[in-house]
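Fold and geometry: a report
Residues per chain are reported as follows:
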Amino acid sequence: MSAPTLRSRDFSSLAVKDLLEARDAYHVHLAALENVVGTAIGRYRVRASEADSEEVGGERSSQPGEPKTLGNTVVTKWSWPCVLVFVDRWLPLDAFARRPDQVVPPRLYLPDGRVVPTCVVLAQLDERAAPPLQKLTFPPGLMGGGYPALTRVQGQTHVGSFGCLVTDGDAVYALTNRHVTGTDVEEAREVFTLLNGERRRVGVAHRTHVGKLPFSEVYPGWPGTHCFANLDAGLVRLDDVRGWSAQVYGVGELDELIDLNTHTINLALIGFPVRAFGGASGALEGEVSGLFYRYKTVGGFDYVADLLVGPREGHRALTTRPGDSGTVWFFDPPDTGAAGRSTGPRRGPRAPRLRPLAVQWGGKSLLEPGGQGTQFALATCLSTICRELDLEVVRDWSIGFSEYWGKVGHYKVGAKACELLSDAKLSLLMLANQDRIAIDDVGIASGNLPMNNSPSFVPLADVADLVWRTTRKKDAANHFADMDEPGKGRFRGKTLLELWMQDAASHSPEVWTEFYDALGVEEDKHRGALPFRVWEMYEAMVGFAREGEVEKFVCTAGLLAHYVGDACQPLHVSFLHHGRPGHADEKNVHSVYETKMLDRNASELIEAINESLEGQATSPGLRVTGGHEAADAVVQLMSNTLHTLPPMDVIDAFNAESGRARLEHMWEALGERTVQCMSAGALRLASLWESAWKEGAGDSIPQRRLGPVDTDVLKELYMDRSFLEVRWLKDMELTLPAPRPQRVAGGTRRRTRGGRATNHAAARRPNRR
């Protein structure tokens, strides 16, 4: 009695080796077909419109219909193992009546009786120009996987990505592609990255690399005659590993490597959700669409990529660019929450912990029937690279930071200020928009922070760093002012802080420009203008409150939080911002203090600031009137910062220890005073908001309008370069108000700065220790 017909079509027991043997046996046949451009192995793909059907996958292969592409098809729970056959033209059935020899066989029959189905997929090459490189900005100091890798070859810049840190037991290297590092072992090719848009050398290309290897050597025991596996891996020997983290920027910490080999590779990988962070494209999400993709044939030899990564079902399109070569793809388990199902990735103390899977070395862009392009990444199993180069992945070097590091301080100052307001209406408005302005304590403590150059909305308190560093270059000078640097020429013997405290006439961009001229500071980006930026933004807030423009008031207030946050960071208000002049070993002190130390101790920092400000709120004594007084209040905050935590104390703590002991010592030595400075900054920020609200009669705005502002509206505002237009110091047009007499303690009268009575002696000695 013959076996049932259905049994002859039940392919679910087929394994990877079966599919490879079938493809190998039919290689000559398939390669001879005019429209076949490549093959891979995977699972039978069904048009998305038919995905709910319970019909058996193998029955679909002979049915006519619209072209099937990787973009419009999905893998279902009943999709059988198959050989994917990629064609560059989708022909109707009647066309094969004239050329029956060009039909892709629906079944591949092996001599021992095994039958392997095929699945035909349209893969018309998109020959349009690749999407332009994004102008990504990466925070300085702490580097890691996901950062761009730049080399210079024959007058051209090659752009790739660093994947992760690896070691051979002796030295630590950054892993990327061989076509980025080069193959000339005699030439020590320099490798650079981009930090805040500026090139910085990080090391040189190492002689160890691997290109293409015979498939049968890489995967012994599996068929693959006349076939090469493309590994494409190269190493960069780092100049100084102390500036690096084993974390991958935008992804998180590395969990255990997924070991893929002939014993572990199976078809469960198809549909595997994966994510990466490319140095050219930023955050990437996709899924494994195929295995062992034969992407070209030259001279009788085939070339194979281990993994074909395509767009994830139900998610936005995968947009990968040439500069993403070298990035590492990670398994991204779904956060389903169902019993017995994945509940998302494991977490380290501050960031997700994901398992690395593969290294991207190339990509393909294919046309969909409607003319839009669908992009795919080609990748090599990371475990194969480690085996061939005798490397181990570094997982624990300088970790414990958030997924996107360096944002803790700004978001805590902005979030806390929303809780310190006395005016009932303004408090209602700012608390309703607290999640628009900053990240809450839970988010900061868990490392759930936004990325640089995010296409999504970025909470306002760090837009100045995460967005405007790229889109508004002139804003670079607004993040600092070297208040303690001694002047030269007619300013000899006085600092900017001393000038400000002693002479109201110095409160102008023109005088500060003269001061920088006398110092010989040539570039505008090095002429700090922080107080004057606060002046401009304060006056804008007053105007928006007066006109009832709630959205613009909230947006400006949230953006202002960044600059006030800078004013309470000692290395943003000192000429010792990157250590003492001539001390190159102190150049990383800024990023270690502001990024590493705060990020590592985020939970303790949050708790301490909350305790420090418990029961406090804005008061009439903290209010100012006009932009000039707002600038003066921020200078007082900067003075307080310098006295509470002198920059040399930060440098001394940095120099006292090295390695892992450094961060612990710095927190012990500086943590309490850092909390004092940030608490003062949050209270000053809240007082500036409330002053502008009162001065602009914000309480006249109806309460019904004081709710959350749409994030799309806020994003449109901060992306509009005409909103709060940025200028260099020399181009700022600010006018000092005429001084007026005010009554002060003791019944005397005196002329004051900006119309506000000021006790100069007290102002110059805030919190003196």
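Residues numbered from 1 in each chain as written. Predicted model: local features only at pLDDT ≥ 70, side-chain atom pairs only at ≥ 80, totals over all residues. Heavy atoms only, no water.

1. Structural notes on the environment of Asp475
- Summarising the element assignment, Asp475 is placed in the loop between α13 (468–471) and α14 (496–502).
- Not counting chain neighbours up to four residues away, the residues in contact with Asp475 comprise Ala464, Trp468, Arg533, Tyr563 and Val726.
- Only 2.9 Å separates the side chain of Asp475 from the side chain of His479, close enough to count as a polar contact.
- Within polar-contact distance, the side chain of Asp475 engages the side chain of Tyr563 at 2.9 Å. (Helix = DSSP H or I, 4+ residues; strand = E, 2+ residues; numbered from the N terminus. Contact = heavy atoms within 4.5 Å. Polar contact = N/O pair within 3.5 Å; in protein donor to acceptor, adjacent residues only side chain to side chain.)

2. Regarding a negative patch on the surface
- Taken together, the side chains of Asp168, Asp170, Asp390 and Glu392 make up a negatively charged region of the molecular surface.
- With respect to the helices and strands, Asp390 occurs in the loop between α7 (382–389) and β25 (392–393).
- By relative accessible area, Asp390 is classed as exposed at 63%. (Patch = residues over 30% accessible without salt bridge, like charges linked within 9 Å, V, L, I, M, F, W, Y side chains within 5 Å. Areas by Shrake-Rupley, 256 points an atom, 1.4 Å probe, with all protein chains shown as cover. Salt bridge = Lys/Arg side-chain N within 4 Å of Asp/Glu carboxyl O. Lys, Arg positive; Asp, Glu negative; His and termini not counted. Charge placed at Lys NZ, Arg CZ, Asp CG, Glu CD. Buried < 20%, exposed > 50% of the residue type's maximum accessible area, 1.4 Å probe, protein only.)

3. Details of the nonpolar core
- Met430, Met483, Phe553, Leu559, Trp689 and Tyr718 are the most contacted members of the largest nonpolar core, which has 112 residues in total.
- With 15 residues, the top contributor of residues to this core is helix α22 (residues 660–695).
- Residue contacts for Met430: discarding those within four places in its chain leaves Cys418, Leu421, Ile437, Phe553, Ala557 and Trp689.
- Among the nonpolar cores identified, the runner-up in size contains 90 residues, and Val85, Ala229, Leu291 and Phe292 belong to it. (Core = buried A, V, L, I, M, F, W, Y, C linked by side-chain atoms within 4.5 Å.)

4. Quick look at the packing of aromatic side chains
- Under the defined criterion, the tally for this structure stands at 24 aromatic pairs.
- Plain terms: the ring middles of Tyr147 and Tyr249 are 5.7 Å apart, the flat faces sit at 85° to each other, and that makes the pair edge-to-face. In this pair, Tyr147 is assigned in the loop between β8 (143–145) and β9 (148–153) and Tyr249 in the loop between β16 (244–248) and β17 (253–254), connecting sequence segments 102 residues apart.
- Judged by relative accessible area, which is 0%, Tyr147 ranks as buried.
- The class of Tyr249 is buried, set by a relative accessible area of 0%.
- Measuring from centroid to centroid gives 4.9 Å for Trp512 and Phe532, while their planes differ by 80°, and the two rings are edge-to-face. Taken together, the positions of Trp512 in helix α15 (residues 509–519) and Phe532 in helix α16 (residues 530–546) put the pair 20 residues apart, joining distant regions of the chain.
- Exposure remark for Trp512: the relative accessible area of 1% places this residue in the buried category.
- Clustering of aromatic rings is evident, with ring pairs tying together Phe228, Tyr295, Phe301, Tyr303 and Trp361.
- The ring centre of Trp468 lies 4.0 Å from the NZ or CZ of Arg472, which sits over that ring.
- Positioned above the aromatic ring of Phe654 is the side chain of Arg662, whose terminal nitrogen or guanidinium carbon lies 3.8 Å from the ring centre. (Phe/Tyr/Trp six-rings, centres within 6.5 Å; stacked < 30°, edge-to-face > 60°. Lys NZ or Arg CZ within 6 Å of the ring centre and 35° of its normal.)

By themselves, these figures tell us nothing about what the structure is for.
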